[in-house]
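As a plain string of letters, each chain reads:
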Amino acid sequence: MIVLFAGGGTGGHLYPGLAIARALVRLDGSVRPHFVGARRGIDADVLPATEFPHTLLDSHPLYRERPWRNWRTLRGAASSWVAMGRLGRALKPRLVVGTGGYASGVPLMWGWTHRVPVVQHIGDSHPGSTARFLTRISREAYLGFPEAKSWLPRGRCVLRDTGNPIEPPPDITPDRAVARVKWGFPASARVMLVFGGSQGARALNQAVAKWIEHGLPPSLCLIWATGKGQYDAFKQLDSADVRVAPYLSPIADAYAASDLAFVRGGMMGTSELSAWGIPMIICPLPSAAQDHQTANAVALERVGAAIHLPQSELSAERLDAVVRWTFEKPARLESLRQGALGRARPKAAMEIARYILRLLET
């Protein structure tokens, strides 16, 4: 029973698909996921290391700022359509699961035109143009943020509030004091986690570096993932109170020790932090497509899970003031923690997989 997973280009579109596929296989061993991704982006690096077969297409996004490059988008769409025809005839899939991004467009359209049921995972609070359009041909859409409903067209597509499929925390989370000691921090310390994705976030890194130079608040320790490409510029700031790393893998060790996080507004990172009950100071990437990271930050701030700090307001002084305000009263931090837990959906992958299996059984 072949199920095609289509999406990628970025981790936020690829990793949810992998989580759903693994949940499907755990629930029903007869399901055989096959991934369709893009030759550009991370798909070519990540998919060969997984347990799933895959096909990479010459997919391109719309080049809105450089429209003269859209000939590549048209050429890629045409060649991808032909490739999907060959793949579809060979595999005869029962269902196509779209996980977002430009790599999902052609496979989902191919599924619809060939009467193969189509579903989507839509992770952000402000869905992208591809996801909004493809909702019109989808049987079901699984929403990472309930706020996405207001952006999606009404029709036959069933919108389900599932949350984003993440690696859930353990059923019994590690003791926070013990986790701090493993990082070399005092058991009574306050710990803040800083990360901006696998590539890092230069604006966040520069603000944190200046903040450290000016002096951190008393008893505050940092776990700081700079991103692999920026590590050399900041590694000299590693100290007893500041642990600097290029990348955190496994990141669960950092989650277990942290009271607060300073992050971008990506859907997967914020969903994982919510599941761990870690309040967030979110500084969205201003250039994110359709400013969806700001929409995520605003949504989480409204439910009391996060503090939205726009990059236009970011400085070492402003960051210091926000962190001190957050830690000033234990009840304030606890309220934010409860707000984060209120948005937690740690079992989202299994929930989505069950919905998909219901469709496969019909």
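Residues numbered from 1 in each chain as written. Predicted model: local features only at pLDDT ≥ 70, side-chain atom pairs only at ≥ 80, totals over all residues. Heavy atoms only, no water.

1. Some words on the overall build of the protein chain
Using the following cut-off: Only DSSP runs of H or I with at least four residues qualify as helices, and only runs of E with at least two residues qualify as strands; both kinds are numbered from the N terminus onward. When we talk radius of gyration, it's over C-alpha atoms, and the globule rule is simply 2.2 Å times the number of residues to the 0.38. Relative accessibility thresholds used throughout: buried, under 20% of the residue-type maximum; exposed, over 50%; partly exposed, between the two (1.4 Å probe, protein chains only). Reported accessibility uses the Shrake-Rupley method at a 1.4 Å probe radius. Residues are deemed covered only where the shown protein chains occlude them.
Scanning the protein chain from N- to C-terminus turns up 14 helices and 13 strands. Relative to its length of 362 residues, the protein chain is compact, with a C-alpha radius of gyration of 21 Å against a globular reference of 21 Å. Counting only C-alpha atoms and orienting by the principal axes, one finds that the protein chain spans roughly 65 × 45 × 35 Å. Buried positions account for 54% of the 362 residues belonging to the protein chain. In the form shown here, the protein chain has an accessible surface area of approximately 16,300 Å², with 54% of it arising from carbon and sulfur atoms.

2. Overview of the packing of aromatic side chains
Keep this limit in mind: Here a pair means two rings of Phe, Tyr or Trp (six-membered ring of Trp) with centres within 6.5 Å. Their orientation is stacked below 30 degrees between planes, edge-to-face above 60, and tilted elsewhere.
Scanning all chains against the criterion turns up five aromatic pairs. When the ring of Phe5 is compared with that of Phe35, the centres are 5.0 Å apart and the planes differ by 15°; the resulting orientation is stacked. With a gap of 30 residues between them, Phe5 in strand β1 (residues 2-6) and Phe35 in strand β2 (residues 32-38) connect regions that are remote in the sequence. Look at Phe5 and you get buried, because its relative accessible area is 1%. Their ring planes at 10° and their centres at 6.0 Å tell us that Tyr142 and Tyr355 sit as a pair that is stacked.

3. Some thoughts on the side chain of Glu272
To keep it simple, the criterion reads: Note that His is not counted, nor are the chain ends; the positive residues are Lys and Arg, and the negative ones are Asp and Glu. One side-chain nitrogen of Lys or Arg within 4 Å of one carboxyl oxygen of Asp or Glu is enough to make a salt bridge. The contact definition used throughout considers only heavy atoms, calling two residues in contact when any of these lie within 4.5 Å.
With respect to the helices, strands and loops of the structure, Glu272 is situated in helix α10 (residues 267-275). An unpaired buried charge is present at Glu272: no salt bridge exists, and Arg22, the closest side chain of opposite charge, is 11 Å distant. Among residues more than four places away in sequence, those in contact with Glu272 are Ile166, Ile251 and Tyr255.

4. Considerations on the packing of helix α12 (residues 316-328) against helix α13 (residues 330-342)
Describing two packed helices takes the angle between their axes plus the distance from one axis to the other. Condition: Only the contacting stretch of a helix is used when fitting its axis, a line to C-alpha atoms as for every element, and angles between N-to-C directions run 0 to 180 degrees. Should an angle fall under 35 degrees it is called roughly parallel, over 145 degrees roughly antiparallel, and 65 to 115 degrees roughly perpendicular, with every other angle called oblique. Any residue that is not Ala, Val, Leu, Ile, Met, Phe, Trp, Tyr, Cys, Pro, Asp, Glu, Lys or Arg is counted as polar, Gly included; the first ten are nonpolar and the last four charged.
As a packed pair, α12 and α13 sit with axes 5 Å apart at the nearest point and diverge in direction by 95°. Considered as vectors, α12 and α13 are oriented roughly perpendicular to each other. Contact with α12, carried on its side by Trp325, Thr326, Phe327 and Glu328, involves Pro330, Arg332, Leu333 and Leu336 of α13 and no other residues of that element. When grouped by side-chain class, the residues that make up the contact of α12 with α13 number five nonpolar, one polar and two charged.

5. Description of the sheet that holds strand β12 (residues 280-282)
Note the following rule: Here a strand pair is declared whenever DSSP counts at least two bridges between the two strands.
If you trace the six strands from one edge of the open sheet to the other, you get β10-β9-β8-β11-β12-β13, paired in parallel fashion. The open sheet has two edge strands, β10 (242-245) and β13 (306-308), and neither has a second partner. Looking at each pair of strands side by side, their axes are set apart by 15° on average, direction ignored. Across the face of the sheet, helix α11 (residues 292-302) comes into contact with β12 and β13 while running at roughly 130° to β13.

6. Some points on the packing of helix α7 (residues 202-214) against α12
Remark: α7 packs on α12, axes separated minimally by 8 Å, with the N-to-C direction vectors making an angle of 75°. One finds that α7 runs roughly perpendicular with respect to α12. Facing α7, whose interface residues are Ala207, Val208, Lys210, Trp211 and His214, α12 presents Ala316, Glu317, Leu319, Asp320 and Val323. When the residues that make up the contact of α7 with α12 are grouped by side-chain class, the tally is six nonpolar, one polar and three charged.

7. As for the environment of Ser150
Put simply, the rule is: For this analysis, a polar contact is any N or O atom pair within 3.5 Å, provided that within protein one partner can donate a hydrogen and the other can accept it, and provided that sequence-adjacent residues contribute only side-chain to side-chain pairs.
One can find Ser150 in the loop between β6 (140-143) and β7 (158-161). Taking the relative accessible area as the measure of exposure, Ser150 reaches 61% and is therefore exposed. A sequence separation of 108 residues divides Ser150 from Ser258, and the C-alpha atoms of the two residues are 33 Å apart. In terms of polar contacts, Ser150 uses its side chain to reach the backbone carbonyl oxygen of Glu147, at 3.0 Å.

8. Observations regarding the sheet that holds β1
The seven strands are arranged β3-β2-β1-β4-β5-β6-β7 in an open sheet whose pairing can be described as parallel. Each end of this open sheet is capped by a strand with a single partner; those strands are β3 (54-57) and β7. Pairwise comparison of adjacent strand axes, ignoring direction, gives a mean angle of 20° for this sheet. When β6 meets β7, the two strands line up parallel, connected through four bridges. Within β7, the position partnered with Leu143 by the bridge is Asp161. The strands touched by helix α1 (residues 11-27) within the sheet are β1, β2 and β5 (118-122), with β2 carrying the most contacts at an inclination of about 170°.

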